[in-house]
Amino acid sequence: MKFFVYLLTCSDKTFYIGSTNNLEKRIHEHNTSKNGAHYTKIRRPVVLKYFETVGSLSEARKREAELKRLKREEKEKLVMPNSFLPPFGDLGTSKKKS
């Protein structure tokens, strides 16, 4: 099973980092659901700016923690306009770190 680590930008220009096994569903939940992350619920709409594909939940949680520890400037480099982000319908490829 694939897992995703993702970075969102919120309407107030802050970042949110999370992990999931269903990226499309999770982004939809962040933007519409009454359940889920309170942080994004009050900062809608959110936009997917970056994601990585990993092989397990433990890898996803570890990478999520690493990304959360980055300074804002380092996170901004991940979401620069010339960074590659696959089309949303093509979640099989990503900027996976080696």
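What you see is a predicted model, and the numbers here were worked out from it, not measured in a lab.

Observations concerning the confidence of the model for the protein
Low-pLDDT portions of the prediction should not be read for the details of their coordinates.
Now for step 1: The predicted model of the protein has a mean per-residue pLDDT of 86, with 83% of residues at 70 or higher.
Now for step 2: Long-range and interchain partners of residues 88-98, a stretch whose pLDDT sits below 50, account for 26 contacts in this model, where long-range means more than four residues apart.

With respect to the environment of R63
Now for step 1: The residue R63 is located in helix α3 (residues 57-69) in this model.
Now for step 2: A relative accessible area of 17% means that R63 is categorised as buried.
Now for step 3: Along the sequence, R63 and V5 sit 58 residues apart, while their C-alpha atoms lie 7.0 Å from each other.
Now for step 4: Side chain to side chain, R63 and E66 meet in a polar contact 3.0 Å long.

Focus: the pattern of salt bridges
Now for step 1: Scanning the entire structure with this criterion turns up 6 salt bridges.
Now for step 2: Taking the shortest distance from any N to any O, the salt bridge between E29 and R26 comes out at 3.1 Å. One end of the pair, E29, and the other, R26, are both in helix α1 (residues 23-32), 3 residues apart, so they sit about a helical turn from each other.
Now for step 3: According to the relative accessible area criterion, E29 is partly exposed, its value standing at 25%.
Now for step 4: You can call R26 buried: its relative accessible area is 15%.

What about the packing of aromatic side chains?
Now for step 1: Following the criterion strictly, the structure yields 3 aromatic pairs and no others.
Now for step 2: The interplanar angle of 40 degrees and the centroid separation of 6.4 Å between the aromatic rings of Y6 and Y16 together place this pair among those described as tilted. With Y6 in strand β1 (residues 3-9) and Y16 in strand β2 (residues 15-20), the pair connects residues that are 10 residues apart, well separated along the chain.
Now for step 3: Measuring from ring centre to ring centre gives 6.2 Å for Y16 and Y39, while their planes differ by 25 degrees; the resulting arrangement is stacked. Residue Y16 is located in strand β2, and its partner Y39 is located in helix α2 (residues 38-41); the two are separated by 23 residues in the primary sequence.
Now for step 4: We classify Y39 as partly exposed; its relative accessible area is 30%.
Now for step 5: Three or more aromatic residues link up through ring pairs in this structure, and these residues are Y6, Y16 and Y39.
Now for step 6: Above the face of the Y39 ring, R43 is positioned so that its terminal group lies 3.7 Å from the ring centre.

Details of the sheet that holds β2
Now for step 1: Across the sheet, 3 strands lie side by side as β2-β1-β3; this open sheet has antiparallel pairing. Each edge of the open sheet is held by one strand with a lone partner, namely β2 and β3 (47-54). Neighbouring strand axes in the sheet, compared pairwise and without regard to direction, differ in orientation by 20 degrees on average.
Now for step 2: Where β1 lies against β3, 7 bridges are found, and the strand directions are antiparallel. Looking at β3, one finds that F3 is bridged to V54.
Now for step 3: The strands touched by α1 within the sheet are β1, β2 and β3, with β1 carrying the most contacts at an inclination of about 30 degrees.
Now for step 4: Sheet strands touched by α3: β1, β2 and β3. Its angle to β2, the strand with the most contacts, is close to 170 degrees.

Definitions and cut-offs
Residues numbered from 1 in each chain as written. Predicted model: local features only at pLDDT ≥ 70, side-chain atom pairs only at ≥ 80, totals over all residues. Heavy atoms only, no water. pLDDT = per-residue confidence, 0-100. Contact = heavy atoms within 4.5 Å. Helix = DSSP H or I, 4+ residues; strand = E, 2+ residues; numbered from the N terminus. Buried < 20%, exposed > 50% of the residue type's maximum accessible area, 1.4 Å probe, protein only. Polar contact = N/O pair within 3.5 Å; in protein donor to acceptor, adjacent residues only side chain to side chain. Salt bridge = Lys/Arg side-chain N within 4 Å of Asp/Glu carboxyl O. Phe/Tyr/Trp six-rings, centres within 6.5 Å; stacked < 30°, edge-to-face > 60°. Lys NZ or Arg CZ within 6 Å of the ring centre and 35° of its normal. Pairing = 2+ DSSP bridges. Axes fitted to C-alpha atoms, helices over the stretch in contact; angles between N-to-C directions.

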